[in-house]
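The residues making up each chain are set out below.
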Amino acid sequence: MVTPLMLDKVMKQFGEKTAVNEISLQVEAGEIYGLLGANGAGKTTTMRMVLGLIYPDDGRILYHGKPFSKELQGGMGYLPEERGLYPKVKVSDQIKYLAKLRGMTEAEAEKSLRYWLDRFEVPEYYDKRIEELSKGNQQKMGFIAAVVHKPKILILDEAFSGLDPVNVELLKATVKELRDEGTSILFSTHRMEHVEELCRNITILDRSNTVLQGNLRDIKKRYPREEILLYTTGEVNGLELLDGVERVERKERGYSIRISDVAVAKSILRKAMDESEVEHFEIKEPTLNQIFIREVGEVHE
Amino acid sequence: MNKLSNVIGFTFKNKVKTKSFLITTLVLALLLTIGIHVPYFIDKFSGQESGPVSIGLVYSDYPELANSLEKHHGKLAVSGLKLTKYEQTDGQLAKDLESGKIAGYLQFVKANEESFPEVDYISKKDSIKGEVQTELQAALQSVKTEFITKGSLTDAQVAELNAPVAINVQKLSAQDGAEASKDDNDFSPVDFAVMYALIILLFMTIMMTGNMIAAEVTAEKSSRIMEILITSTSPLTQMFGKIIGMFLIGLLQIFIFVGVVVINLSLPYNQESLKGYSLDFSQMDPAVLILGLVYFILGYFLYATLFAAVGSLVSRTEELGQAVMPITMLSLAAFYIGSFSMSAPDSILMKVSNYVPFFSPITMIVRMGIGTPKSWEIIISIVVLLISIYVFGWLSAKIYRTGVLLYGKRPTFKELRKAMKAYKI
């Protein structure tokens, strides 16, 4: 099976400034690929290149093994970061228009739009104008506009920003559903918890360069586990005296312990069990947030 | 092709539905209707309001002159004036003037012995009504002629003396006689009126639809739907879809206006009052109309591409007015060259303008209507126009392609060139 989307050492320069420096990545069918980075790191430029809006200066982008062509546009869906629809045009008119521009027939577009409106439980928006909807609902319509034509490759730029938790869950569930149907999704966000939940592979960009790339679980393994969460009924004293413990923080129900060596975990647990009753013991893996700040934050300093 | 028709359809459908379009079309149609009715209203008001004005005529010192005036005035077929005889400027006269029975009175005032006396018109108002004055003047002129010649001329001679000298305008053409006489026919008032209507229509349509195109493009950019659009179709398809869609809007509007004009003109009472203006549409040369249409379409596309390009450069609607200014100026210049040269359609300025692509659509229509352009001039001008449409269309497409992705402040030409290079367009 050919990879639906492959970037091979793609580079883009705007005048003197390098916007994207030799990024390579692959998105498989049925995968959500996370593209992370601080503002101005080159995420949007990368996405625009994938969409064929701007052409890379160097490197290749292959879609199912083939280079970009106009016919591919119908197979791609895009939800831009600053999303927009015609404010004064009816939802049905403009979404069907966009669907038809991407090669659907009127009947298919109608059916697909109805399906999606039902999916989001807002069939009554069919005849509403965009300006009549709340911001969150406008965003849902923008999402529908991006997926209405059943794209093989879906590009979501900050898909969940500005939504309330209920709608975030709804959209997340939808994205997962699309993934399970075999769509390749390139996904960018600042919200690390979404990435941890959705993505298998990630790339972290920092000022045009790829700083970290790979399988999310592998990446996490590469980072030492540095934190232990311990909840006990009584007090445990002298934890900070153990070898490999850096800092002990008293929490509401127990302790948060920074360690430099994972081997010390055993002795911490033993000591805790000796002195009190253990309610909860966890060697926490580093959150993506921490990794991100470590990788990107440090360079900025 | 399918996508193009899609864009055209969407542009057309949404524009037709907007309130602004409905209102402008309605208002303009209403203005047209009123404009066509103006002659009728003038007839109506001037006919009803006045009736003959009553004016007193004082006989006292010059009874023979007063008699002669009454005689000459009596000869007129139509008159808006009734003369009433008074012997003296006495109490009766003052009373009648006061009561409004007469609007004023005429009096001959002695100057010196031999010459014609001065004529005073005395009334309570400062002025004298235009038609009344003309009528009185004509009658008095005859009285004066009679007074001076004192019967030494026959009536026929006097009439001859009073008739104005007519100048018959004839044009010497290089072609043979038959052609020359036909050419003379071309200078009919209909052609003049139609030319004027055509260039106003052309100018208005270009300005209105052009501004709509630019505004739409900017709105799409500022609402960020542009990013979704350009990932769905090529910018070129979008630009031309929009231009053609707007063109259809413009055509629809023109058809509505023409329809309004035709309906209004065919109303029976309007035909009556318009007869005086000798508008006969059968006099019109169909070739002028067809070529006019060709120029209209070409001119529209030339300007429309520019408007689209400018619209794509601007991120916010507020900045648009300033940005389209150069194009507005250009079309205004074309309009004024065309309309001011109507009296001299074959001047050097017009001939040069025929080869300037932005001016030729308007100036050539004028020249075809009331001037005599040679056919090779028309052909060259159309070719120049076609080439420039191609060049500017190509350039605009490039600008559009780049501009729609540039946000923030309006880019300078240098920034635009840089961006074009960067985007590899």
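For chain B, an unreviewed UniProt entry supplies the name ABC-2 type transporter transmembrane domain-containing protein and the organism Paenibacillus aceti. As recorded by UniProt, the Subcellular location (unreviewed entry) comment attached to chain B reads in full: "Cell membrane".

Named according to an unreviewed UniProt entry, chain A is ABC transporter ATP-binding protein YhaQ originating from Paenibacillus aceti. For the record of chain A, the UniProt heading Sequence similarities (unreviewed entry) holds the text "Belongs to the ABC transporter superfamily."

Looking now at the overall build of chain B. If you tally the helices and strands in chain B, you get 17 helices and four strands. A burial count over chain B gives 30% of its 425 residues as buried. Partitioning the intrachain contacts of chain B with sequence separation of at least 6 by distance along the chain shows that 76% fall at a separation of at least 24.

Turning next to the packing of helix α12 (residues 286-313) of chain B against helix α16 (residues 375-403) of chain B. Residue and element names in this part refer to chain B. Two numbers describe how α12 lies on α16: the axes approach to 8 Å, and their chain directions differ by 20°. Classified by the angle their axes make, α12 and α16 are roughly parallel. Remark: the crossing between α12 and α16 carries left-handed chirality. On α16, the residues touching Leu291, Leu298, Phe301, Leu302, Thr305, Leu306, Ala308, Ala309, Ser312 and Leu313 of α12 are Ile378, Leu385, Leu386, Ser388, Ile389, Phe392, Gly393, Ser396, Ile399, Tyr400 and Gly403.

Right, let's talk about the packing of helix α3 (residues 63-75) of chain B against helix α5 (residues 130-149) of chain B for a bit. All names here are of chain B. α5 packs onto α3 with a crossing angle of 130° between their chain directions and a minimal axis gap of 9 Å. Here α5 runs oblique to α3, going by the angle between their axes. Where α3 crosses over α5, the handedness of that crossing is right-handed. Residues Leu65, Ser68, Leu69, His72 and His73 of α3 form the contact with α5, whose own contacting residues are Ala139, Leu140, Ser142, Val143, Glu146 and Phe147. Taken together, the residues that form the contact of α3 with α5 break down as six nonpolar, four polar and one charged.

Further remarks concern the interface of chain A and chain B. On the side of chain B, 19 residues touch chain A, which itself brings 24 residues to the contact. Those elements that place two or more of their residues in the side of chain A that touches chain B are β5 (76-79) and α2 (91-101) of chain A. Of all the elements, α2 of chain A adds the most residues to the side of chain A that touches chain B, at four residues. Residue composition of the side of chain A that touches chain B, grouped by class: 16 nonpolar, three polar and five charged.

This paragraph deals with the environment of threonine 363 of chain B. Residue and element names in this part refer to chain B. With respect to the secondary-structure elements, threonine 363 resides in helix α15 (residues 360-370). For threonine 363, a count of 29 C-beta atoms within 10 Å gives the class buried. On a C-alpha basis, the gap between threonine 363 and alanine 334 in space is 7.1 Å, while along the polypeptide they are 29 residues apart. Not counting the four nearest positions on each side in its chain, threonine 363 is found in contact with Ala334, Ile337, Gly338, Met350, Ser353 and Asn354.

In this section: the UniProt feature "transmembrane region" (unreviewed entry) in chain B. Residues and elements named next belong to chain B. Residues annotated in UniProt with the feature "transmembrane region" (unreviewed entry) correspond here to residues 21-42, 193-214, 243-267, 287-311, 323-342 and 378-397. Span residues 21-42 is 100% helix and 0% strand, its end C-alpha atoms 32 Å apart. The span residues 378-397 is 100% helical and 0% strand by assignment, and the distance between its end C-alpha atoms comes to 28 Å.

A separate point is α15 of chain B. Burial analysis of α15 of chain B places eleven of its eleven residues in the buried class, which makes it a mostly covered element. Of all the residues in α15 of chain B, the buried ones are Ser360, Pro361, Ile362, Thr363, Met364, Ile365, Val366, Arg367, Met368, Gly369 and Ile370 of chain B.

Leaving glycine aside, a negative phi is the common case for residues, and trans is the common case for peptide bonds. Residues and elements named next belong to chain A. Non-glycine residue glutamate 22 carries a positive phi angle of around 45°. Taking the number of C-beta atoms within 10 Å as the measure of exposure, glutamate 22 has 16 and is therefore partly exposed. Here glutamate 121, not a glycine, exhibits a phi torsion of approximately 55°, which is positive. Looking at the secondary structure, you find glutamate 121 in the loop between α3 (106-119) and α4 (135-147). Among the residues examined, glutamate 121 registers 9 C-beta atoms within 10 Å and is labelled exposed.

This next bit is on the sheet that holds strand β3 (residues 104-109) of chain B. Residues and elements named next belong to chain B. Reading across the sheet, the four strands line up as β2-β1-β3-β4 and stay open at both edges, with mixed pairing between neighbours. With one partner strand each, in any of the chains shown, β2 (81-86) and β4 (118-123) form the two edges of the open sheet. Each neighbouring strand pair of the sheet contributes to a mean axis angle of 30°, computed without reference to strand direction. As paired elements, strand β1 (residues 53-58) and β3 share three bridges and run parallel to each other.

In this section: the pairing of strand β12 (residues 254-259) of chain A. Residue and element names in this part refer to chain A. As paired elements, strand β10 (residues 227-232) and β12 share five bridges and run antiparallel to each other. Residue leucine 230 lies in a different strand from β12, and its bridge partner there is tyrosine 255. Where strand β11 (residues 245-250) and β12 come together, five bridges link them in antiparallel fashion. Within the sheet, the bridge partner assigned to arginine 247 lies in β12 and is arginine 258. Here β11 folds back onto β12, and the loop between the two strands holds three residues.

The rules behind each value
Residues numbered from 1 in each chain as written. Chains lettered and ligands numbered in written order. Predicted model: local features only at pLDDT ≥ 70, side-chain atom pairs only at ≥ 80, totals over all residues. UniProt positions renumbered as here; feature names shortened; annotations may be inferred. Helix = DSSP H or I, 4+ residues; strand = E, 2+ residues; numbered from the N terminus. Buried ≥ 20, exposed ≤ 12 C-beta atoms within 10 Å, placed from the backbone. Contact = placed C-beta atoms within 7 Å. Axes fitted to C-alpha atoms, helices over the stretch in contact; angles between N-to-C directions. Parallel < 35°, antiparallel > 145°, perpendicular 65-115°, else oblique. Left-handed = near helix turned anticlockwise from the far one by under 90°. Nonpolar A, V, L, I, M, F, W, Y, C, P; charged D, E, K, R; others polar. Pairing = 2+ DSSP bridges.

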